[in-house]
Amino acid sequence: MRTGTKPCEILLAEDNSADIVVVRQALEGHDVDCVLHVTRDGAEAIKWIESLDSDPVFHSLDLVLLDMHLPKRGGEEILKRLQSTRRYSRTPVILMTSLDSRIVEEQGIKHPSLSYFRKPSTLDEYMQLGLMVREILQKTNSPESADQSGPGGIA
Amino acid sequence: MSASEVKALTALFAAGTEAGGLFRTMAEALPVAIYMTDSAGRLTYFNDAAIKLSGGELELGAAHWCMAWKLFLPDGAPLPYEECPIALALKGESALTGIECMAERPDGTRFWFTPYSAVLRDSEGRITGGIHLLVDITKGKNAKIEANEQFRAIVETTPECVKIVKPDGTLLFMNAPGLALVGAATPEAVIGKSIYDLIAPEDRDRFRKFNERVCGGAKAVLEFDIISLQGVRGHMESHAAPFRHVDGSIVQLAITRNMTRRVDDERASLLLKAIVDSSDDAIISKDLDGTITSWNKSAERIFGYTAKEAIGQSITILIPDDRLDEETNILSRLRRGERVDHFETIRRRKDGALLDVSLTISPVKDAQGIDIGASKIARDVSESKRTERAIRTLNAQLTTDLSAMTRMQLLSTRLMQVEDFPVLLDEILGTGVEITGSDMGNIQLLEDGVLKIAAHRGFGASFLDFFRHVHAGEAACGLAMQSGARVIVEDIVVSPIFAGTPALAVMLGAGVRSVQSTPLVSRGGQVLGIFSTHYRSPRKPGDRELRLMDILARQTADLIERKRAEAALLASEARFRQLADAMPQIVWTTRPDGYCDYFNERWYQFSGFDRHTFGDQGWQPILHPEDLPACREAWSTAIATGNLFNIEYRFWDRQEFRWRWFMSRALPVRDAGGHIVKWFGSSTDIDDQKRVEEDLRRANRDLEQFAFSASHDLQEPLRSIKIYSELLTSSYGERLDSQALAFLSYMRSGATRMEMLVRDLLTYTQVTKFERPLELVDTQQVVSTVLENLAGAISEARAQISVGSLPPLRIHNTHLQQLFQNLIGNAIKYRSPDRTPSVQVTAENRNGQWLFAVKDNGIGIDAEYRERIFGLFKRLHTSDEYSGTGIGLAICQRIVDRYHGRIWVESEPGQGSAFRFVLPV
């Protein structure tokens, strides 16, 4: 997938270590070339997002995988903080939840590029997450939306 | 009418009683115009004759008593409205009676009338109005008017001075030649003024005496001087005769000659004769022996003798035998020089008929002042006498009826005041006996089909004992009771009713010869009793008497009904209060206007108010201020519409020192006519209930929150268990033996089952979460979605599903889907292995509710489990036989409950089941 250039950067905000392992497997299983930044609670995730603007050279962001229910700070707060950044306010976000997507929708979460992934209870289904990430990255890095995306590019 | 009669009449009119109605009926039938006015003269009542007389439309309250008439005095002078007798009477000035007035109707026709007025006063003596009778006397007047016209024709055409002078010297009339003689440019210059001013001073005294003599009834001649208005003296000779003026007084009619321009003497006396002849009154002169010496035309007309027949005859030919001494008396008075004025007596005509006449007789003296005879002016007053008599008869009847009505009016008042029923009946009976003029009477009440004497007058023990109990058909009263109509026995001796009965002897023994029995009938047509009056002689009661009896019977029946209703009401009210005081609720009643008139014991106990000092405050003093506006509105709406009053509000609990919730309801109590007579209300303490409800709601909310969070958090570890057991199998499967792999598979299926349980439990708790939608949901569409969701299971089981026509429902989409998905899913799951599964989904309208059914041909359910299956976690099979969590039907039950519906199952084990549920539209 990647052709020499920098791998894309993905933030995973997830407290369940069992899920972290499986997410990593799903990304690898679909050959997503990425640097996966893992934060284990909400406060940590917000801190990482805040560092984006202050340290533009070393950090960039192509996609966020966000569990809505995190310790300390909730997913909604994290989204809000992301939308307030200069360069990453439109970065695609995949909400990962064990709840019915309808219940999540009822909470009225808003983001310019938002997708849902319902955490499944079978391995096969979980693997589909990798495919979903790949497709989103391909779409955002296509020529017409290149200027809006992060500094990284996908060939 | 006397003042007290008028007062009674006023009371009758004011009370509007039936007795008053009777008066009106009577007044309508009278030929005399009768009307009543208020103190301002506006009409408050009038009879038919008044309408006829007025010649126009009368309107109560608006029209004035004199309508649009123009009024004139008898001499033709206009009579201002405020000076007419009726206006004067209403102002409290002495009411004139017998005066004659003329009125001109708007159409120009005229009539003469004599008004009779009586004022009505209130208890403080203020004038509140008047009763007026107008007697039309036009007919009698016409003859006079005719004569007047003749007189006028003569006077207008003669070149002589003709004048009329009142006894006090006022000039009433003077023709054109006369005016020229005294030098007056217009009649106004002299008419209405004293004639004496025109007479030369030295002749004035003589002229006054001359005038008085003539006005006293004597003919005379006088020579005198006048001074004209221009101051010119002239010598005059007057031939004067007494003349009856239109107002009835005797005045001087004189032909005056100017002696400077000699006019033939005879012409003047001829003229005088013509005038005397044109008089409406008989003018007769006689000498001192009573021999008639002159006889005018009216004397011929009135007495029937021609002048030829009369002159020379004794005046006694006119005097009835029994009045001959009158003439002697008159003659002796005349000899003393007295005048006989307006002497009303009776005279006889030639044909023997007697006449009412009014006589004015004056002595006639010669030039030397010696009596030579008498002049007699006779007026025929038969017509006015007749009218007078008619009025007197009318008055007498009116007085009689008034006294009866007054008696009844008095009774009506007593009926309202006196509480004691037997006393009242006795008074009614007394009134009946009095106004019908009967000798005896009794009132019987109908009790248990038997007439029992309740009041009696004039009967002894044997009569009372014999008639103690009378059955239908026995005697006059029993017959009246049976027929419901009055029975009159004019003479009991010849009546078949009593013939051969022991009653006859008892009646005769009591002195009864005649009886009438009037049934006392309720407004509903039921005979309540009998009112009988008895007479000592055979008799047929008159219409008037029976009419009064009817009125009295009506009053008596009403009284009996009222007393019975009161007694029933008292009894029911006593029962009600006894019951109300024993009730734990606050009970109250109000009048139809919402005013509280009763609170039970519990109210005083709760509110702490004293029963005796509480008064009329209602419940406001202890009502929560926040609840006051809503309560007020609900109450006034209920009062206005007559609908149920139903509201929850808080009262201050003085013992616990806090507000308590109460539910108040009130219903109107209506009478037979549907009118609200009172409101009956209760206030129930629902504070504990409210508290429990509130606690329950809170607990439910907490539980939902808990179940939701728990279900969510429970799922996380389950997913891990499942995914990692898969990972273990896929990544390390080759290194594990078959037993280890089997263990892993058990672990996975256990986790899967747990996952389903958690998911279903989550759904179960979510049922109460959604509000009832406002829009209708397309049930048909929902079932299609369900069938798509179940497509896998349906095709696997090769099930045949038929869906009938389903109505749209006002139920949340998710709920409807869960309901059908569980029921159709179950129908497929619990299919019989022996046959092709078939499921029918139907709906039909039953009494405004929809009855749904999901019917299958599966394994069916034993009767003993049909209730149990709707419970949470209740299953009939192991999960090895049929998978499931035992929550599906519990969810269905909860959804149906949520919409106040009902769900149940009908089943034939081994044949199939039908799950039915009803949902309100």
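None of these values were measured; they are calculated from a predicted model. (Residues numbered from 1 in each chain as written. Chains lettered and ligands numbered in written order. Predicted model: local features only at pLDDT ≥ 70, side-chain atom pairs only at ≥ 80, totals over all residues. Heavy atoms only, no water.)

1. Some remarks on the packing of helix α24 (residues 813-829) of chain B against helix α25 (residues 888-898) of chain B
Residues and elements named next belong to chain B.
Piece 1. In contact at an axis separation of 9 Å, α24 and α25 are set at 140° when each is read in the N-to-C sense. Considering the angle they form, α24 stands oblique to α25. Crossing geometry of α24 relative to α25 is assigned as left-handed. Where α24 approaches α25, its residues H815, Q818, L819, N822, L823 and N826 are matched on the opposing element by G888, L889, I891, C892, I895 and V896.
Piece 2. Looking at side-chain class alone, the contact of α24 with α25 contains seven nonpolar, five polar and no charged residues. (Axes fitted to C-alpha atoms, helices over the stretch in contact; angles between N-to-C directions. Helix = DSSP H or I, 4+ residues; strand = E, 2+ residues; numbered from the N terminus. Parallel < 35°, antiparallel > 145°, perpendicular 65-115°, else oblique. Left-handed = near helix turned anticlockwise from the far one by under 90°. Contact = heavy atoms within 4.5 Å. Nonpolar A, V, L, I, M, F, W, Y, C, P; charged D, E, K, R; others polar.)

2. Examining the confidence of the model for chain B
As a note on interpretation, predicted positions should not be read in detail where pLDDT is low.
All names here are of chain B.
Piece 1. Summarising the model, chain B shows a mean pLDDT of 81, and 87% of its residues fall at 70 or more.
Piece 2. Overall, residues 1-7 carries pLDDT values under 50, and its contacts beyond four positions in sequence, including any with other chains, amount to 13 contacts.
Piece 3. Confidence drops under pLDDT 50 across residues 12-20; counting only partners more than four residues distant or on other chains, this segment forms 18 contacts.
Piece 4. For this predicted complex, the interface confidence reaches an ipTM of 0.71, while the overall pTM sits at 0.38. (pLDDT = per-residue confidence, 0-100.)

3. Brief notes about the sheet that holds strand β19 (residues 469-470) of chain B
All names here are of chain B.
Piece 1. Read from one edge of the open sheet, six strands run β19-β18-β17-β22-β21-β20, paired in antiparallel fashion. The sheet is open, and its two borders are formed by β19 and β20 (487-489), each paired with just one other strand.
Piece 2. Alignment of β20 against strand β21 (residues 514-521), held across three bridges, turns out to be antiparallel. In the strand pairing of β21, I488 is matched with Q516. (Pairing = 2+ DSSP bridges.)

4. Some words on unusual backbone geometry
Piece 1. Despite not being glycine, A:D31 shows a phi value in the positive range, around 55°.
Piece 2. A:D31 sits in the exposed class, given a relative accessible area of 52%.
Piece 3. A positive phi angle, near 55°, is found at B:A475, a position not held by glycine.
Piece 4. Considering the arrangement of structural elements, one finds B:A475 in helix α15 (residues 475-483).
Piece 5. You can call B:A475 buried: its relative accessible area is 13%. (Buried < 20%, exposed > 50% of the residue type's maximum accessible area, 1.4 Å probe, protein only.)

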